[in-house]
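Read off the chains here:
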Amino acid sequence: MTHRETDPADRPGQPDPTSTTHEADDAVRAELARLRESIDNIDAAVVHMLAERFKCTQQVGHLKAAHKLPPADPAREARQITRLRELAESAKLDPAFAEKLLNFIIAEVIRHHETIARS
Ligand SMILES: C=C(O[C@@H]1C=C(C(=O)O)C=C[C@H]1O)C(=O)O
């Protein structure tokens, strides 16, 4: 803890000029807590949405395995990436990040499809 020139202990009987700082600290803490609550809600939504997406892709995996279709469909992936990049741009999200995220998810889906095909 640093000793400030404005330490009220240095000026007995004077109003505490640091109280504004403490109020600002409280306001910052409250704003941080409010934003983090929203972040937690959004993270929960992302997890639930991903779980729903994986439920769908698992069904696709079973359908493909039953009909001897390949686990990956690069043409479909290319269309999804084009679409997602456009969506990202209009949402002011970095399209390169959106593409990386989709590729990461799709790679996991393909891994699941390969497992289903082997089973
Ligand atoms: C889900 C599918 O399988 C794979 C996974 C994809 C995805 O996660 O969106 C897209 C294409 C395929 O490589 C599909 O063919 O639709």
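Going by the structure above, here's the rest.
Please read these numbers as outputs of a predicted model, since none were measured by experiment.

**Q** I'd like a rundown of a nonpolar patch on the surface, residues and numbers included.
**A** Taken together, the side chains of Leu93, Phe97, Leu101 and Phe104 make up a nonpolar region of the molecular surface, amounting to roughly 420 Å² of accessible area. Here Phe97 is to be found in helix α3 (residues 95–118). A relative accessible area of 42% places Phe97 in the partly exposed class.

**Q** Please give an account of the side chain of Thr57 that cites residues and values.
**A** Position of Thr57 among the secondary structure elements: in helix α1 (residues 19–66). Thr57 sits in the buried class, given a relative accessible area of 12%. Within the structure, Thr57 has its side chain in polar contact with the backbone oxygen of Phe54 (distance 3.1 Å). When neighbours within four sequence positions are excluded, Thr57 is seen to be in contact with Val109 and His113.

**Q** Please set out the packing of helix α2 (residues 74–90) against α3 residue by residue, giving values where relevant.
**A** The geometry of α2 relative to α3 is characterised by a closest axis approach of 8 Å and an angle of 145° between their N-to-C directions. Where α2 crosses over α3, the two elements pack in a sense that is right-handed. Taking contact as the criterion, the partners of Glu77, Gln80, Ile81, Leu84, Arg85, Ala88 and Glu89 in α2 are, on α3, Pro95, Ala96, Ala98, Glu99, Leu102, Asn103, Ile106 and Ile110. Broken down by class, the residue content of the contact of α2 with α3 amounts to 9 nonpolar, 2 polar and 4 charged.

**Q** Quick one: what's the story with the site of the ligand, residue by residue and with numbers?
**A** Lining the immediate environment of the ligand, one finds 14 residues, of which Arg53, Lys64, Asp73, Glu77 and Gln80 sit closest. Taking Asp73, its main chain carries an N or O atom lying 2.9 Å from an oxygen atom of the ligand. Contact distances for the ligand include 2.8 Å between an oxygen atom and a side-chain N or O atom of Gln80. In the complex, the protein chains occlude 91% of the 360 Å² of accessible area that the ligand would expose alone.

**Q** Can you lay out the side chain of His113 for me, pointing to particular residues and giving the numbers?
**A** Among the structural elements, His113 can be located in helix α3. You can call His113 buried: its relative accessible area is 4%. Apart from residues no more than four positions distant in its own chain, His113 is found in contact with Thr57, Val60, Gly61, Lys64 and Pro71.

**Q** Could you give an account of unusual backbone geometry, naming the residues involved and the relevant values?
**A** Its identity is not glycine, yet Lys68 carries a phi of approximately 55°, on the positive side. Following the sequence through the fold, Lys68 ends up in the loop between α1 and α2. A residue is classified by how much of its surface remains accessible, and Lys68, at 75% relative accessible area, is exposed. A positive phi angle, near 60°, is found at Lys92, a position not held by glycine. Note that Lys92 resides in the loop between α2 and α3.

Each value, and the rule that gives it
- Residues numbered from 1 in each chain as written.
- Predicted model: local features only at pLDDT ≥ 70, side-chain atom pairs only at ≥ 80, totals over all residues.
- Heavy atoms only, no water.
- Patch = residues over 30% accessible without salt bridge, like charges linked within 9 Å, V, L, I, M, F, W, Y side chains within 5 Å.
- Areas by Shrake-Rupley, 256 points an atom, 1.4 Å probe, with all protein chains shown as cover.
- Salt bridge = Lys/Arg side-chain N within 4 Å of Asp/Glu carboxyl O.
- Helix = DSSP H or I, 4+ residues; strand = E, 2+ residues; numbered from the N terminus.
- Buried < 20%, exposed > 50% of the residue type's maximum accessible area, 1.4 Å probe, protein only.
- Polar contact = N/O pair within 3.5 Å; in protein donor to acceptor, adjacent residues only side chain to side chain.
- Contact = heavy atoms within 4.5 Å.
- Axes fitted to C-alpha atoms, helices over the stretch in contact; angles between N-to-C directions.
- Left-handed = near helix turned anticlockwise from the far one by under 90°.
- Nonpolar A, V, L, I, M, F, W, Y, C, P; charged D, E, K, R; others polar.
- Near = heavy atom within 4 Å.

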